[in-house]
Amino acid sequence: MKIVLFLVVCCCVYSSIKATVSYDDKAIIINGRRRILMSGSIHYPRSTPQMWPDLIKKAKDGGLDVIQTYVFWNGHEPSPGKYNFEGRYDLVKFIKLIQEAGLYAHLRVGPYVCAEWNFGGLPVWLKYVPGMSFRTDNEPFKIAMQRFTEKIVNMMKSENLFEPQGGPIIMSQIENEYGPVEWDIGAPGKAYSKWAAHMADGLKTGVPWIMCKQEDAPDPMIDTCNGFYCEKFTPNKPYKPKMFTELWTGWFTEFGGPIPTRPVEDIAYAVARFIQNNGSFVNYYMYHGGTNFGRTAGGLFITTSYDYDAPIDEYGLLNEPKWGHLRDLHSTIKLVEPALVSAYPTVTYPGKNQEIHVFKPKSGICAAFLSNYDPHFSARMKFGNTQYHLPPWSISILHSCKDEVFNTAKIKAPTTQKKMTPVGKFRWQSYKEEAPSSEESDTLAMIGLYEQLNVTRDASDYLWYLAEVDISPNEHFFTNGQFPLLTVMSAGHALHVFINNQMAGTVWGSLKNPKLTFSQNVKLRAGVNKISLLSVSVGLANVGTHFETYNVGILGPITLKGLNEGTRDLTKQQWSYKVGLNGETLGLHTLDGSSSVEWLQGSIVAQKQPLTWYKTTFNAPKGNEPLAFDMNGMGKGQIWVNGEGLGRYWPANKAHGNCDECSYTGIYNENKCNRYCGDPSQRWYHVPRSWLKPNDNLLVIFEEWGSLPDWITLVKRTI
Ligand code: GAL
């Protein structure tokens, strides 16, 4: 017993003192051992803590060594100095679960993250700190960034989560894809990236830092590659390992766009091609994409689903054969890892579009990669005394330089079909959200048009612009029937126009072009007319040089054409502003708030009326299959269950684009292998099981366009 205890103590002391993570030109070195590491991105707030253990287990069973995540500043510090590390934002718990599973973690602190996350992860309040300018040599930004980075690093240290402390974190990241911005802005960008590297290095985490997509990442930062393929990438110094920090397993979906998919044969090909070219770290972005709950989706028009066609689907189920084929690839890479980490490849060119990479260290072990890059033709390749058959666009991995263990295009993993089975309908009650009057106490009158974010500070998607327009009874249009043309120009993202409380129309933009123009003849009456414009944001920009300066909302001009006087410019007149909806102020999505107003029931429930709140209660279906709401038939709005925001829904925004045939061969990009053109960009909305009680769950919907809630169905996802 004593001896055992002694050994345990020795081991602990040994690992807490001697455990190191370093790198050389070949690989990341953990405790003196070079490793070929397979990693996968799972972003903790895109699932629930109840889902985390299963996701991590599936990642481990899928042959991953590392889980990579960003840290989401705006989730952790929703207002200055008020921190949130609870629930889906319990970062320490997430990292500890990774450790318990025996995996490593790669912590991308950022704190700018891009990630199709609102404002790229930076808090909106940060924009309003005096003198602020994001991601450049700007004191206020650097002070705030350092403060948050230190907070996260210190939190990880105090929980002993870095590898030299016995924890799972083997690497961190500062900034994110800063290269293109630096290129854009020049000297201040260069100074900032130097500062960021120096600041991060000074935090003495004991593990390497990376800077992805940043060619001039200063030492000791490792510059790394993100993309669909990275075999041609070389780090900026000969003593840094070649790392692929984001291998995109699919792509995100935007409202109005189709659903991108990426064939697993091509993903495996990209991995094998990278590894055979001396690559030693591959991270799948995403391994589990998950859900943009609440209002966390960002970049404009990003859907609530962040499924990404990842190996684990949004609901936490295996996306087969993607997951299984990659698992087979990972076990093959493990098999040949000893050869890969101890030799440089020798390359020969047996034929057109063909290459052979051999790793043959002195120890006598050997691994070979046979490649056929031809997108159309298969190849017979002689290597040693054996002929190998390679499908087009594929790579075979040979153990001991003779046994083909894996070919990227020969899938052995099973394919499974998933379906959404209806399990429940609802009986709804409704509450009408009225266009506000400028007399209301929570409106603010100002001359001219104001940028939306400056007014809402992103407290809500919604901002009302309210004006009154006097129309003389002598206007000619009353006799000739030619109503005046109202034109409203907006920086985005969607706009509902009400004239005298009647909806006159709706317009919206897209990710590529968020700007929009409403231009329609509107029915006005003699006397005072109410023009109520509801401007709706659909996620804030997450990328682009100084994206914090991008405008949202109605900036004009607003004109009324076809009056006796000609065209009247309404741009510079008085406008009243109201942030958010009455229902939001009342908290109608919560149990308390929802009982604070009278709801219509039975035959008088609002139907096809714009700006309507709906509520109902329901029991959780038995079993543990993942659940979703089928919103097909609904317009646009938001969903809450028991007060938790499920996200924005918009099934009326149909997928435009090209959904032509999809071949796994040839260079992939996100416009290839798109699916579901003509269908809603997102039809189903995940409701995590852990948000439900057995009975009486409160479901609340806010519908902007006007639709029939009877369409909504609860479904379960089954294999
Ligand atoms: C990368 C970025 C990620 C994510 C990805 C697209 O450039 O680093 O955060 O936005 O693009 O999904």
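Treat the numbers as computed from the prediction; the structure is a model and nothing was measured.

Caption draft 1: Quick look at the domain arrangement of the chain. When cut into domains, the chain gives domain 1 (25-243 + 259-293 + 309-320), domain 2 (338-414), domain 3 (419-430 + 586-718) and domain 4 (434-580). A straight line from the C-alpha centre of domain 1 to that of domain 3 covers 31 Å. Between domain 1 and domain 3, the contact holds 20 residues from the first and 28 residues from the second. Interface of domain 1 and domain 3: buried area, both sides summed, is about 1,900 Å²; carbon and sulfur atoms make up 63% of it. Broken down residue by residue, the surface that domain 1 buries against domain 3 is led by Ile 259, Phe 293 and Tyr 315, which jointly contribute 35%. Inspection of the region where domain 1 meets domain 3 yields 1 salt bridge.

Caption draft 2: Region of the structure containing helix H2 (residues 52-61). All of the buried residues along H2 are Trp 52, Leu 55, Ile 56, Lys 58 and Ala 59. What you see down the axis of H2 is that its buried residues fit within an arc of 160°, all on one side. On its buried face, H2 sits against strand E4 (37-42), strand E5 (66-70), helix H4 (91-100), strand E12 (279-288) and helix H10 (322-340). Just past H2, the residue Gly 63 takes up positive phi, approximately 90°.

Caption draft 3: Focus on the side chain of Asp 65. Residue position: Asp 65 is located in the loop between H2 and E5. A relative accessible area of 10% places Asp 65 in the buried class. Not counting chain neighbours up to four residues away, the residues in contact with Asp 65 comprise Arg 35, Ile 36, Leu 37, Met 38, Leu 103, Tyr 104 and Lys 334.

Caption draft 4: Here's a closer look at the sheet that holds E12. Pairing is parallel around the closed barrel formed by 8 strands, whose spatial order is E4-E5-E6-E7-E8-E9-E10-E12. Across the sheet, the mean angle separating the axes of adjacent strands is 30° when strand polarity is ignored. With 3 bridges connecting them, strand E9 (residues 222-227) and strand E10 (residues 242-248) associate as parallel partners. Its bridge partner lying in E10, Cys 225 is registered against Phe 244. Sitting on the sheet, helix H6 (residues 139-158) is in contact with strand E6 (104-110), strand E7 (169-174) and strand E8 (209-212), with an inclination near 160° to E6.

Calculation criteria
- Residues numbered from 1 in each chain as written.
- Predicted model: local features only at pLDDT ≥ 70, side-chain atom pairs only at ≥ 80, totals over all residues.
- Heavy atoms only, no water.
- Domains from an automatic or database assignment.
- Contact = heavy atoms within 4.5 Å.
- Buried area = accessible area lost by both parts, 1.4 Å probe.
- Salt bridge = Lys/Arg side-chain N within 4 Å of Asp/Glu carboxyl O.
- Buried < 20%, exposed > 50% of the residue type's maximum accessible area, 1.4 Å probe, protein only.
- Helix = DSSP H or I, 4+ residues; strand = E, 2+ residues; numbered from the N terminus.
- Arc of directions from axis to C-beta.
- Pairing = 2+ DSSP bridges.
- Axes fitted to C-alpha atoms, helices over the stretch in contact; angles between N-to-C directions.

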